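Here is what each chain is made of, one letter per residue.
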Amino acid sequence: MEILFTNIKELLQIREPEVKKVSGKEMKELPTLKNAWLLVKDDQIADFGTMDTLPENSNASRIDLKGKMLLPTWCDSHTHIVYAGNRELEFADRINGLSYEEIANRGGGILNSAKTLQETPEEEVFEQSKARLIEVMQQGTGAVEIKSGYGLTEEAELKMLRVIKQLREKFELPVKSTFLGAHAIPAEYKSTPEKYMDLVINEILPKVAEEQLAEYIDIFCEKGYFTVEDTNRLLEAASKFGLRPKIHVNQFNAIGGVKAGVDHNALSVDHLEVMNEDDYEALKGSDTMPVALPSCSLFLSIPYTPARKIIDSGLPLALATDFNPGSTPSGNMNLVISLACIKMKMTPEEAINAATINGAYAMDLSETHGSITKGKKANFIITKEIPSYTFLPYAFGTNSIESVYINGKKI
Ligand SMILES: N=CN[C@@H](CCC(=O)O)C(=O)O
Ligand SMILES: [Zn+2]
C-alpha cells in the first residue's frame, strides 16, 4: 500500500539514518522541509521532498495536508502505564497539606498501588492499561517503554510484565519492557530491606530473564527506597542476564545513582530533578541518555530537571511522561513539551528533539523511530492547521493533533 502526503506545510525532524541522538548545541537545530511531500510504502517512510520534486505518475493514494505539519510520533521512554486503580484520594490528601513522602510513610504511595495491583486479576489490569495506551497513542505517542514495579511480589511482578508483553503483541507500536521489582520496599521487609533485595535478585530476576519478559532493569535509587549499594548489586546481577539499566535517580536527593548507572552502561538515567557536579561529570562522555519528566515536577510541585544546564554542558536530554498513578497521572507528551519550554526554558526545537530522536535513543529505537528518515517506520503525527511548530508547545492544553499514523496506518 502506498500513500502520498502532499502540500505538507512543514515536514519536521528530517534526519540522516546515522543520527541516533542529538546533544548540546545540536539540540537547537530541528531540520525541516517547507511545502513538502512524503511517500509511505506499507509500514515505512519511502521518500520525501519539496513539492517542486513531487513524483509524477505515482499510483499512491494521495492525501492533501495543506496548512498542516507532519512530524515523527513522540517516543515516550519512561512510563508506568500498566497499573490498577488510581490514587486520586492521595491527590486530595496532598491538596490538604500532606507531602508525597508523608503519604508514602503512611503506607500510601507505591505500596498502595502495589496492594491494588496484587488484588486485581491479570485480564482486568490488561483492560485498564490498554485503555491508557490507546489514549496516549491518540495523543501522538508512537513508541513507549513500560515498567513493572507495582507488583513487589514474584507473582504480581510477573503479572505486570505479562500484561506489558500482551500489549506489545496486540498493538503495532513498539513497547519496551523494564523490570522494576526494586521500586519500593514492601511493608513486611521494612526492617530487613536486604532480604527484599535478595528476593528480587535471586528469585524474581532469573524468572523474568527466563521468560524473556524484560529488556531493561530499573531501580528507584533514592533515600528511603534503595541505596547506591543496592543499585550496584542489582545492575551487576541483571547484566549477567543481558538486561541494560534504565534507572530512577536523583528525584529528591543526589546520592550517587547517576554514577552507578553510568558505571553499568545505563541506557538512560531518569528524573534528575536534583543534580550535583559529580552527576554532570559522570554523564560527560558516556552513552547514557539523561531523561527529564516535567509532568512529574508539575504534579508534585518539585524542582524541574535543570535542562538548560544539562544541554549547555554539551549533554543530550530526552523528555518522557512518567505516566503513573502517583506522581504523574498523565501520559500526554504534548503537555511534556509545553512544560519543557515553559518551565525548563528549552527551545521548541530542543523539546521536539528531546521527545522524538532522543526519546527513541532512550529505548534503543533510533534505528527505526524518532525521525523522518527513509526506511524508518511510518510513525507520524499530522497536525491541525497551525501557524508554526512553535505553536505546539506554546498552545499548551490545546489539542493540535489531527491524526496519528503507526506503521503507515491511521489509528
Ligand atoms: N519515583 C518513583 N516512581 C514513580 C512514582 C511512583 C508512584 O508514586 O506511584 C515516578 O517515577 O515518579
Ligand atoms: Zn517513573
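Reading the values: rules and limits
Residues numbered from 1 in each chain as written. Chains lettered and ligands numbered in written order. Predicted model: local features only at pLDDT ≥ 70, side-chain atom pairs only at ≥ 80, totals over all residues. Heavy atoms only, no water. Helix = DSSP H or I, 4+ residues; strand = E, 2+ residues; numbered from the N terminus. Rg over C-alpha atoms; globule rule 2.2 N^0.38 Å. Buried < 20%, exposed > 50% of the residue type's maximum accessible area, 1.4 Å probe, protein only. Lys, Arg positive; Asp, Glu negative; His and termini not counted. Charge placed at Lys NZ, Arg CZ, Asp CG, Glu CD. pLDDT = per-residue confidence, 0-100. Axes fitted to C-alpha atoms, helices over the stretch in contact; angles between N-to-C directions. Parallel < 35°, antiparallel > 145°, perpendicular 65-115°, else oblique. Contact = heavy atoms within 4.5 Å. Nonpolar A, V, L, I, M, F, W, Y, C, P; charged D, E, K, R; others polar. Donors = N, O, S within 2.8 Å, 3.2 Å for Na, K, Ca; no water. Expected span 1.5 Å × (residues − 1). Bend = angle between axes of the 7 residues up to and from the residue. Pairing = 2+ DSSP bridges. Near = heavy atom within 4 Å. Polar contact = N/O pair within 3.5 Å; in protein donor to acceptor, adjacent residues only side chain to side chain. Areas by Shrake-Rupley, 256 points an atom, 1.4 Å probe, with all protein chains shown as cover. 1 Å grid on protein atoms, 1.4 Å probe; cavity = no way out; pocket = protein on both sides within 12 Å on 5 of 7 lines; lining within 4 Å. Sits in = over half its atoms within 2 Å of the grid points. Domains from an automatic or database assignment. Buried area = accessible area lost by both parts, 1.4 Å probe. Salt bridge = Lys/Arg side-chain N within 4 Å of Asp/Glu carboxyl O. Points joined across faces, edges and corners; volume = space filled by probe spheres on them. Phe/Tyr/Trp six-rings, centres within 6.5 Å; stacked < 30°, edge-to-face > 60°. Lys NZ or Arg CZ within 6 Å of the ring centre and 35° of its normal.

*Asks:* So what exactly am I meant to see when it comes to the overall build of the chain here?
*Replies:* A count of helical and extended segments in the chain gives 15 helices and 16 strands. Over its C-alpha trace the chain gives a radius of gyration of 21 Å, about what one expects of a compact globule, namely 22 Å for 411 residues. Considering only C-alpha atoms, the chain reaches an extent of 70 × 45 × 45 Å along its principal axes. Relative to its 411 residues, the chain shows a buried fraction of 59%. Charge separation in the chain, taken as the distance between the mean sites of 44 positive and 58 negative side-chain charges, equals 3 Å.

*Asks:* Which parts of the structure should I look at to understand the confidence of the model for the chain?
*Replies:* Do not read the predicted coordinates in detail wherever pLDDT is low. A residue-level look at the chain finds 100% of positions with pLDDT of 70 or above and a mean pLDDT of 97. Of the two predicted TM-score estimates for the complex, the pTM is 0.97 and the ipTM is 0.97.

*Asks:* Would you explain the packing of helix 6 (residues 193-210) against helix 7 (residues 228-240) in this entry?
*Replies:* To characterise two packed helices, one gives the angle between the axes of the helices and the distance between these axes. At a closest axis distance of 11 Å, the pairing of helix 6 and helix 7 adopts a crossing angle of 10°. Comparing the axis directions of helix 6 and helix 7 gives the class roughly parallel. Here Glu194, Met197, Asp198, Val200, Ile201 and Leu205 of helix 6 lie close against helix 7, whose contacting residues are Asp230, Arg233, Leu234, Ala237 and Ala238. Across the contact of helix 6 with helix 7, the residue classes tally to seven nonpolar, no polar and four charged.

*Asks:* What should I look at first to understand the coordination of the zinc ion (ligand 2) in this one?
*Replies:* At this site the zinc ion (ligand 2) is bound by His78 (NE2), His80 (NE2), His248 (NE2) and Asp322 (OD), with donor distances of 2.1 to 2.2 Å. Between the donor residues of the zinc ion (ligand 2), the gaps in sequence give the motif H-x1-H-x167-H-x73-D. Residue histidine 80 is located in the loop between strand 6 (74-76) and helix 1 (88-95), and its partner histidine 248 is located in strand 10 (residues 244-249); the two are separated by 168 residues in the primary sequence. Of the two residues examined, histidine 80 and histidine 248, each falls in the buried class.

*Asks:* Explain helix 6 here, please?
*Replies:* In an α-helix, one full turn covers 3.6 residues, which means residues spaced three or four apart are oriented alike. Between the first and last C-alpha of helix 6 there are 25 Å, a value that for 18 residues agrees with the 26 Å anticipated at 1.5 Å per step. When the local axis directions of helix 6 are compared, the greatest deviation, roughly 40°, occurs at isoleucine 204, which is followed within four positions by the proline proline 206. What helix 6 keeps buried is the set Tyr196, Met197, Val200, Ile201, Ile204, Leu205, Val208 and Ala209. Lining the buried residues of helix 6 we find helix 5 (154-170), strand 8 (175-182), strand 9 (216-221) and helix 7. Where helix 6 terminates, the next one or two residues include glutamine 212, which has phi positive at roughly 50°.

*Asks:* Any chance you could explain the sheet that holds strand 13 (residues 318-319) here in plain terms?
*Replies:* Sheet strands line up and pair through hydrogen bonds in the backbone, either parallel or antiparallel. Read across the sheet, eight strands follow the order 6-7-8-9-10-11-12-13 without closing on themselves; strand pairing throughout is parallel. Looking along the sheet, the strands with just one partner apiece sit at the ends: strand 6 and strand 13. Against the sheet, helix 5 engages strand 7 (141-147) and strand 8, with an angle of about 175° to strand 8.

*Asks:* Just to check I follow, could you spell out the site of ligand 1 for this structure?
*Replies:* Surrounding ligand 1, one finds 15 residues, the nearest of these being Tyr100, Tyr150, His183, Gln251 and Ser327. Interatomic distance of 2.4 Å between a side-chain N/O atom of tyrosine 100 and an oxygen atom of ligand 1. Considering ligand 1 on its own, with 330 Å² of exposed area, one finds that the protein chains cover 100% of that surface. Its atoms largely coinciding with the cavity grid, ligand 1 occupies the largest cavity.

*Asks:* Teacher, can you tell me more about the domain arrangement of the chain here?
*Replies:* Much of the literature gives interface size as the accessible area that the parts lose upon coming together. Per the domain assignment, the segments of the chain are domain 1 (2-72 + 372-410) and domain 2 (75-361). Contacts between the two partners involve 27 residues from domain 1 and, on the opposite side, 35 residues from domain 2. Taken together, the two surfaces of domain 1 and domain 2 that pack against each other cover about 2400 Å², and 62% of this comes from carbon and sulfur. For the pair domain 1 and domain 2, the number of links is two salt bridges. For lysine 409, the salt bridge goes to glutamate 172, with nearest N and O atoms at 2.4 Å. Applying the counting rule to domain 1 against domain 2 returns 14 residue pairs in polar contact (both at pLDDT 80 or more). Those elements that provide at least two residues to the side of domain 1 that touches domain 2 are helix 15 (391-394) and strand 15 (401-406).

*Asks:* How should I be thinking about empty space enclosed by the protein in this particular structure?
*Replies:* Take a probe with the size of a water molecule and roll it over the atoms, and the empty space left behind shows itself. Here the structure, examined in full by the defined rule, presents three cavities of 30 Å³ or more. The wall of the largest cavity is formed by His80, Tyr100, Ile110, Tyr150, His183, Phe220, His248, Gln251, His271, Asp322, Asn324 and Ser327. A class-by-class count of the residues in the lining of the largest cavity yields four nonpolar, seven polar and one charged. Here the second largest cavity defines a volume of roughly 50 Å³. Lining the second largest cavity are Asn334, Ile337, Leu392, Thr398, Asn399, Ser400 and Ile401. Tallied by class, residues from the lining of the second largest cavity come to three nonpolar, four polar and no charged.

*Asks:* Where do I start with the packing of aromatic side chains in this structure?
*Replies:* Given two aromatic rings, their pairing is described by the distance between the two centres and the angle made by the two planes. If you walk through the whole model with that rule in mind, you get 10 aromatic pairs. Relative to phenylalanine 226, the ring of tyrosine 196 has its centre 6.4 Å away and its plane inclined at 35°; by these criteria the two rings are tilted. Here tyrosine 196, found in helix 6, pairs with phenylalanine 226, found in the loop between strand 9 and helix 7; they are 30 residues apart in sequence, far enough to count as distant. Look at tyrosine 196 and you get buried, because its relative accessible area is 0%. Between phenylalanine 220 and tyrosine 225, the ring centres sit 4.3 Å apart and the planes meet at 45°, which makes this aromatic pair tilted. With a relative accessible area of 3%, phenylalanine 220 lands in the buried category. These aromatic residues form a ring-pair network of at least three members: Phe5, Phe380 and Tyr405. Directly above the ring of phenylalanine 299 sits arginine 94, whose terminal nitrogen or CZ lies 4.7 Å from the centroid.

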